[in-house]
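# Residue-level structure breakdown
What follows is each chain in one-letter form.
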Amino acid sequence: MNEADNAKAVDVPLRVAGLSAYYGARQAVADVSMAFVPNSVTALMGPSGCGKTTILRCLNRIHEILPGAYARGQVLLGGEDVYDSGMSVIELRRRVGMVFQRANPFPTLSILGNVTAGLSRRLPAGEKLRMAEKALRSAALWEEVKDKLHKPASALSGGQQQRLCIARALAVEPEVLLMDEPTSSLDPISTLSIEELMTVLAAEYAIVVVTHNMQQAARVSKYSAFMLADETGVGRLIEMDETTRIFTKPSDRRTEDYITGRFG
Amino acid sequence: MTPERAAPVKSKVGLRHTTSIAGTFLTAACASIGAISLLCILGYVAVQGFRAIDIAFVTALPVPAGESGGGVANGIVGTAITVGLAVIIATPIGLLSGLFLALFGRGWFPEVVRFLSDVLSGIPSIAIGLFAYGLLVAPFRHFSALAASFAFALLMLPLILRTSEEAVRSVPRAVREGALALGLSELSATMRIVVPAARPAIITGLLLAIARVTGETAPLLFTAFGSQFWELNPTQPMAQLPLQVFTYAISSYRSWHEQAWAGALLLILAVLVLNILARVVLTPRSQR
């Protein structure tokens with residue numbers, strides 16, 4: 001690695017190098033290398049089965065909780081390999097937060113309980129409340145829930161539940177926020193509010209969002225990666241670049257075919 | 001539908017319509033038989049038992065055969081103690097094994113546990129009672145309520161185990177992933193997020209298991225044995241409501257027959273209440 005690469009590695013909080021992921025005997029992703037830039041949204045695009053969600057799930061090692069699932073290669077957080085260093089999965093997941101495809105609030109906890117679920121239980125209640133308010137404000141949900149913090153989270157609408165899940169992830173103050181098709185189960189208005197939120201949050205976090213909605217990638221992301229499964233069903237990175245470039249002058253024919261709607 | 005429609009089409013549609021109605025009627029009729037038989041049993045037992053139910057029946061001790069009055073208070077309390085002890089024995093074991101199966105349920109060992117638990121749930125209760133007799137009564141030459149609790153616990157164990165496994169399994173994977181993604185340890189994610197989400201279904205399973213053993217009679221015959229007196233010490237023979245129903249029913253006294261019906265009514269009501277509770281627990285708060 002030369003000087004320039006080293007310098008670059010410092011302001012890139014999260015990188016993957018030569019990452020392959022498996023579900024038992026089946027390989028889902030082969031040899032993917034990507035860098036995620038701070039203070040910007042990176043979109044992972046591609047048709048179903050191209051491995052974009054698998055890549056995302058490798059970044060916080062949630063991939064490997066499925067029986068038989070594992071990954072090979074490097075995921076570097078701040079220069080440290082998360083698979084091959086002293087970093088525990090718990091520390092990793094506190095530094096790399098995740099929002100799922102469907103809002104998954106904890107059913108037995110209140111709104112407040114959901115937001116503070118990831119915080120240390122030893123924190124005083126006042127401190128927890130302060131951090132919860134900060135997270136809920138960041139997720140643009142505070143005004144809507146400040147009077148019903150002790151109501152069950154299930155009382156919220158779908159879009160509000162998804163913002164609650166974002167607040168829950170932000171409360172532990174991560175460096176990176178992973179979002180797995182965060183709007184795929186939401187109506188257009190809720191989708192819009194989540195997209196606006198992503199744009200705002202990009203000022204503070206590196207955001208990686210999986211989407212198969214190309215308009216969404218074009219609207220919210222600064223960088224885009226396009227992935228595609230090869231003939232054997234193994235997902236590969238086709239290209240990664242600034243989003244404007246991917247949508248105007250992609251360097252690979254397959255990317256162009258995909259974004260112009262010729263397949264996928 | 002209009003009379004002008006061509007005849008063949010109409011008859012075919014008409015035939016299908018008739019078949020459909022007949023099918024609906026047949027299935028509904030069969031479904032009603034189940035419901036009606038419960039109502040018949042409940043009604044008949046209620047009519048027969050109602051005559052003997054009064055305050056004394058639930059507060060007084062039995063009186064000698066031939067005398068009128070008296071009650072089954074010691075049997076009610078005895079059954080409550082015996083079932084209560086069985087719950088204390090079976091719940092932690094059943095719950096933790098269910099949790100184990102739900103979380104680490106792959107491989108040969110969990111499969112063996114599941115298979116054996118299914119076999120256990122199919123063993124006749126009289127055989128379980130005999131086993132408890134051989135283990136806890138014969139060696140001490142002494143009947144005890146504890147032996148009955150042990151037999152009840154064995155009957156409840158597979159039910160609690162399978163319902164808690166199902167309950168924990170039915171918590172969406174996304175909930176557990178959400179907890180892990182926040183940086184919670186496996187243990188915290190399970191205990192703080194997953195198990196609470198499964199709690200209503202676990203409690204329902206427990207209540208149904210209690211309902212299942214409350215009316216069991218066979219294992220009591222040679223474990224708790226029964227008693228005419230107030231006996232609250234579980235290491236002693238203890239009165240049991242199902243045993244009293246049995247003894248009174250096969251006696252030749254009219255007053256005891258009435259009391260047998262009344263005792264049966266109490267047992268059915270207890271099981272009914274437990275089942276209703278189990279339903280209420282499962283219904284989300286918002287829908288109550």
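In this text the structure is predicted, and so the values were computed from the model without any measurement.

Definitions and limits used
- Residues numbered from 1 in each chain as written.
- Chains lettered and ligands numbered in written order.
- Predicted model: local features only at pLDDT ≥ 70, side-chain atom pairs only at ≥ 80, totals over all residues.
- Helix = DSSP H or I, 4+ residues; strand = E, 2+ residues; numbered from the N terminus.
- Rg over C-alpha atoms; globule rule 2.2 N^0.38 Å.
- Buried ≥ 20, exposed ≤ 12 C-beta atoms within 10 Å, placed from the backbone.
- Contact = placed C-beta atoms within 7 Å.
- Nonpolar A, V, L, I, M, F, W, Y, C, P; charged D, E, K, R; others polar.
- pLDDT = per-residue confidence, 0-100.
- Domains from an automatic or database assignment.
- Pairing = 2+ DSSP bridges.
- Axes fitted to C-alpha atoms, helices over the stretch in contact; angles between N-to-C directions.
- Left-handed = near helix turned anticlockwise from the far one by under 90°.
- Parallel < 35°, antiparallel > 145°, perpendicular 65-115°, else oblique.

Let's shift gears to the overall build of chain A. In terms of regular secondary structure, chain A is built from 11 helices and 10 strands. Compactness check: chain A gives a C-alpha radius of gyration of 18 Å against a globular reference of 18 Å for 264 residues, within 12% of the reference. Taken along the three principal axes of its C-alpha coordinates, chain A extends 55 × 45 × 40 Å. Scored against the burial criterion, the 264 residues of chain A give a buried share of 45%. Residue pairs at least 24 apart in sequence account for 67% of intrachain contacts in chain A once pairs closer than 6 positions are excluded.

Helix and strand counts for chain B come out as 10 helices and zero strands. Each helix (α) and strand (β) of chain B, taken in turn from the N terminus, gives the series α-α-α-α-α-α-α-α-α-α. Its C-alpha radius of gyration of 25 Å places chain B more than 25% over the 19 Å reference for a compact globule of 288 residues. Across its three principal directions, the C-alpha atoms of chain B cover 80 × 65 × 35 Å. Counting over 288 residues, chain B shows a buried share of 38%. Considering only residue pairs separated by 6 or more positions, chain B has 73% of its internal contacts joining residues 24 or more positions apart.

Between chain B and chain A, the contact holds 15 residues from the first and 18 residues from the second. Put simply, the parts of the chain that give the side of chain B that touches chain A at least two residues each are α7 (173-181) and α8 (186-214) of chain B. Among the elements that line the side of chain B that touches chain A, the one with the most residues is α7 of chain B, at seven residues. A class-by-class count of the residues in the side of chain B that touches chain A yields 10 nonpolar, three polar and two charged.

Residue and element names in this part refer to chain B. Looking at chain B, the pLDDT average stands at 90 and 95% of residues meet or exceed 70. Ranking the elements of chain B by mean pLDDT puts helix α1 (residues 7-50) last, at 87, and helix α6 (residues 145-169) first, at 96. Of the two predicted TM-score estimates for the complex, the pTM is 0.79 and the ipTM is 0.89.

Residues and elements named next belong to chain B. Domain annotation for chain B reports domain 1 (7-50) and domain 2 (57-287). Here the C-alpha centre of domain 2 lies 34 Å away from the C-alpha centre of domain 1. Of the residues lining the interface, five residues belong to domain 1; the matching set on domain 2 comes to five residues. Grouping the amino acids of the side of domain 1 that touches domain 2 by side-chain chemistry returns three nonpolar, two polar and no charged.

Residues and elements named next belong to chain A. Burial within strand β9 (residues 223-229) is extensive, with six of its seven residues counted as buried. Note: β9 against strand β10 (residues 235-242), seven bridges, orientation antiparallel. Along β10, the bridge assignment pairs alanine 225 with methionine 240. Hairpin connection of β9 to β10: five residues between the antiparallel strands, including glycine 233 at a positive phi of 85°.

A separate point is helix α2 (residues 52-59) of chain A. Residue and element names in this part refer to chain A. In terms of residue burial, α2 counts as a mostly covered element, since eight of its eight residues are buried. Taken together, the buried positions of α2 are occupied by Lys52, Thr53, Thr54, Ile55, Leu56, Arg57, Cys58 and Leu59. Of the residues flanking the end of α2, it is arginine 61, one or two places downstream, whose phi is positive at about 60°.

Another point: helix α9 (residues 241-249) of chain B. Leu241, Pro242, Leu243, Gln244, Val245 and Tyr248 of chain B are the residues of α9 of chain B that are buried. Structurally, α9 of chain B contributes buried residues whose contacts are with α3 (73-103) and α10 (254-282) of chain B.

All names here are of chain A. Sheet topology note: the strand β1 (residues 14-23)/strand β2 (residues 26-36) ladder contains seven bridges and is antiparallel. In the sheet register, leucine 19 faces β2, and the bridge partner there is valine 32. Here β1 folds back onto β2 in antiparallel fashion, the turn holding two residues, of which glycine 24 has a positive phi close to 60°. Examined bridge by bridge, β1 and strand β4 (residues 69-77) share eight bridges and lie antiparallel to one another. What sits directly across from alanine 21, in β4, is alanine 71.

All names here are of chain A. Predicted confidence across chain A gives a mean pLDDT of 90, with 95% of residues reaching 70 or more. When the elements of chain A are averaged for pLDDT, helix α1 (residues 3-11) gives the smallest value, 46, and strand β6 (residues 96-99) the largest, 96. Confidence drops under pLDDT 50 across residues 1-10; counting only partners more than four residues distant or on other chains, this segment forms two contacts.

So, about the environment of glycine 94 of chain B. All names here are of chain B. Residue placement: glycine 94 occurs in helix α3. The class for glycine 94 is buried, based on 27 C-beta atoms found within 10 Å. Sequence-wise, glycine 94 and phenylalanine 57 are 37 residues apart; in three dimensions their C-alpha atoms are separated by 35 Å.

It is worth spelling out the environment of alanine 278 of chain B at this point. Residues and elements named next belong to chain B. The topology assignment puts alanine 278 in helix α10. A tally of 20 C-beta atoms within 10 Å means that alanine 278 is categorised as buried. Along the chain, alanine 278 and threonine 204 lie 74 residues apart, while their C-alpha atoms are 4.5 Å from each other.

Relative placement of two packed helices is described by the angle separating their axes and the distance separating the axes. Residues and elements named next belong to chain B. At a closest axis distance of 6 Å, the pairing of α3 and α6 adopts a crossing angle of 35°. Viewed along their axes, α3 and α6 form a crossing whose handedness is right-handed. Tallied by class, the residues present in the contact of α3 with α6 amount to 22 nonpolar, eight polar and three charged.

Attention now goes to unusual backbone geometry. With glycine set apart, most residues show a phi of negative sign, and most peptide bonds adopt trans. Its identity as a non-glycine residue notwithstanding, alanine 140 of chain A has a phi of 55°, on the positive side. With respect to the helices, strands and loops of the structure, alanine 140 of chain A is situated in the loop between α5 (125-138) and α6 (142-145).

Here the focus is the packing of α8 of chain B against α10 of chain B. Residue and element names in this part refer to chain B. At a closest axis distance of 8 Å, the pairing of α8 and α10 adopts a crossing angle of 170°. By the angle between their directions, the pair α8 and α10 is classed as roughly antiparallel. Mapping the contact onto sequence places Pro200, Ala201, Ile203, Thr204, Leu207, Leu208, Ile210, Ala211 and Thr214 in α8 and Leu267, Ala270, Val271, Leu274, Asn275, Leu277, Ala278, Val281 and Leu282 in α10. Here the contact of α8 with α10 is composed, by residue class, of 15 nonpolar, three polar and no charged.

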